[in-house]
Amino acid sequence: MDEKRLKEMPLYEKAKEIFNMVDRITGLIPKDNVFLSSVGEIMYADAIQLAPKIAGAEAGGLYDLKMENAALIRRKARDIYVQCNNFLIEDFKEIEFLNLLRDEIDEFRKLFAAWVQTFDQWNYIIDRWGLFNPPGVKYDDKDPDEDLPFNNPFDNSEDF
């Protein structure tokens, strides 16, 4: 995927917006609040991974690789959403920013769900771990490409 197309993806743009919001929120954490500083570091680490994981999924065409990245993206976004609770517990003064962040994550979730529906289920290799196979494909299914003859152009043997 070319960089221009990636940057025009609404999901990618929303991931960058979430990162920017998390960056601003973590900048508002009082320096003496060790607990929130730690939570902020976790949120920052999650937020900084969203856009690169989207790019990684878009760069790889295989269904299982896209789904693996999608699962990681979902996890990171959900963790950011849940971490907002820690700010509420600690009487964080700028609660309105947390509500805005959660709204952004809700929008991200909708874009994400639509994006996952675009994954080509026919472009796959069998995930032998059984997690990211297209519907109907099992981890122990016979590989449909197994019986295809393969002529290696770099093999000089006459044994074909």
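A short tour of the structure in this document, coming up. (Residues numbered from 1 in each chain as written. Predicted model: local features only at pLDDT ≥ 70, side-chain atom pairs only at ≥ 80, totals over all residues. Heavy atoms only, no water.)

Soluble globular proteins tend to pack their nonpolar side chains together in the buried interior. Counting 37 residues, the largest nonpolar core has I54, I80, F87, L101, F108 and W115 as its most contacted members. Counting residues per element, the ones that place at least two in this core are α2 (10-27), α3 (34-59), α4 (63-89) and α5 (95-116). (Core = buried A, V, L, I, M, F, W, Y, C linked by side-chain atoms within 4.5 Å. Buried < 20%, exposed > 50% of the residue type's maximum accessible area, 1.4 Å probe, protein only. Helix = DSSP H or I, 4+ residues; strand = E, 2+ residues; numbered from the N terminus.)

Below, the discussion takes up the packing of α3 against α5. Contact geometry of α3 with α5 gives a least axis separation of 14 Å together with a crossing angle of 20°. Considered as vectors, α3 and α5 are oriented roughly parallel to each other. As for the relative orientation of α3 and α5, their crossing is left-handed in sense. Contacts between α3 and α5 involve M43, L50, I54, A57 and E58 from the first element and L101, F108 and W115 from the second. (Axes fitted to C-alpha atoms, helices over the stretch in contact; angles between N-to-C directions. Parallel < 35°, antiparallel > 145°, perpendicular 65-115°, else oblique. Left-handed = near helix turned anticlockwise from the far one by under 90°. Contact = heavy atoms within 4.5 Å.)

Viewed as axis vectors pointing N to C, α3 and α4 meet at an angle of 155°, and their least axial separation amounts to 9 Å. Between α3 and α4, the angle falls in the class roughly antiparallel. Crossing hand, α3 versus α4: left-handed.

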